[in-house]
Amino acid sequence: MSTFFLALTIFIALLFAAGIYRIATGPSVFDRTIGAGLIGTNAILVLVLVGFLYDRIDMFVDLALAYGMLNFIGIVALAKYFERKEGGAS
């Protein structure tokens, strides 16, 4: 079972490349924001899987929840900033 979690962790870590590609080549700011959200989501998954690998799921789930909240707040703040910047109103 440990081999399965290790392989899954490596696969999800490789998916970071998709987010980095979207950030680097995104034609708009919103594509780059989605890429940053993708990297944050993948990081949460990797944290939980590492918790399974080290048999410390309680600690790593707490870290993943905290990181998920920070990721969500950051993406919402970024979206509000660009909405206000492009809208001109408010």
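Residues numbered from 1 in each chain as written. Predicted model: local features only at pLDDT ≥ 70, side-chain atom pairs only at ≥ 80, totals over all residues. Heavy atoms only, no water.

J.: Is there a simple way to explain the packing of helix 2 (residues 16-25) against helix 3 (residues 29-53) in this structure?
T.: How two helices sit against one another is set out by the angle between their axes and by the gap between those axes. Between helix 2 and helix 3, the least distance of the axes is 7 Å, while the angle of their chain directions is 160 degrees. By the criterion of interaxial angle, the relationship of helix 2 to helix 3 is roughly antiparallel. Between helix 2 and helix 3 lies a crossing of left-handed hand. Contact with helix 2, carried on its side by Phe16, Ala18, Gly19, Ile20, Arg22, Ile23 and Ala24, involves Asp31, Arg32, Gly35, Ala36, Leu38, Ile39, Asn42, Ala43 and Val46 of helix 3 and no other residues of that element. (Axes fitted to C-alpha atoms, helices over the stretch in contact; angles between N-to-C directions. Helix = DSSP H or I, 4+ residues; strand = E, 2+ residues; numbered from the N terminus. Parallel < 35°, antiparallel > 145°, perpendicular 65-115°, else oblique. Left-handed = near helix turned anticlockwise from the far one by under 90°. Contact = heavy atoms within 4.5 Å.)

J.: Would you take a moment to explain unusual backbone geometry for this structure?
T.: Excluding glycine, residues mostly have negative phi values, and the peptide bonds linking residues are mostly trans. The phi angle at Asp55 is positive, at roughly 55 degrees, despite the residue not being glycine. The exposure class assigned to Asp55 is exposed, which follows from its relative accessible area of 68%. (Buried < 20%, exposed > 50% of the residue type's maximum accessible area, 1.4 Å probe, protein only.)

J.: Please explain the pattern of salt bridges as it appears in this structure.
T.: Side chains carrying opposite charge are able to pair once their charged atoms draw close together. Under the counting rule described, the total for this entry stands at two salt bridges. The residue Asp58 makes a salt bridge to Arg56 at a minimum N-O spacing of 3.8 Å. The partly exposed category is assigned to Asp58, whose relative accessible area is 48%. Glu83 serves as the salt-bridge partner of Lys80, at 3.9 Å between the closest nitrogen and oxygen. With Lys80 and Glu83 both in helix 4 (residues 57-87), this residue pair falls three residues apart, about one helical turn. Residue Lys80 is classed as partly exposed on the basis of its relative accessible area of 49%. (Salt bridge = Lys/Arg side-chain N within 4 Å of Asp/Glu carboxyl O.)

J.: Any chance you could explain the side chain of Thr33 here in plain terms?
T.: On the secondary structure map, Thr33 appears in helix 3. When near neighbours in sequence (up to four residues on either side) are disregarded, Thr33 contacts Ile75 and Leu78.

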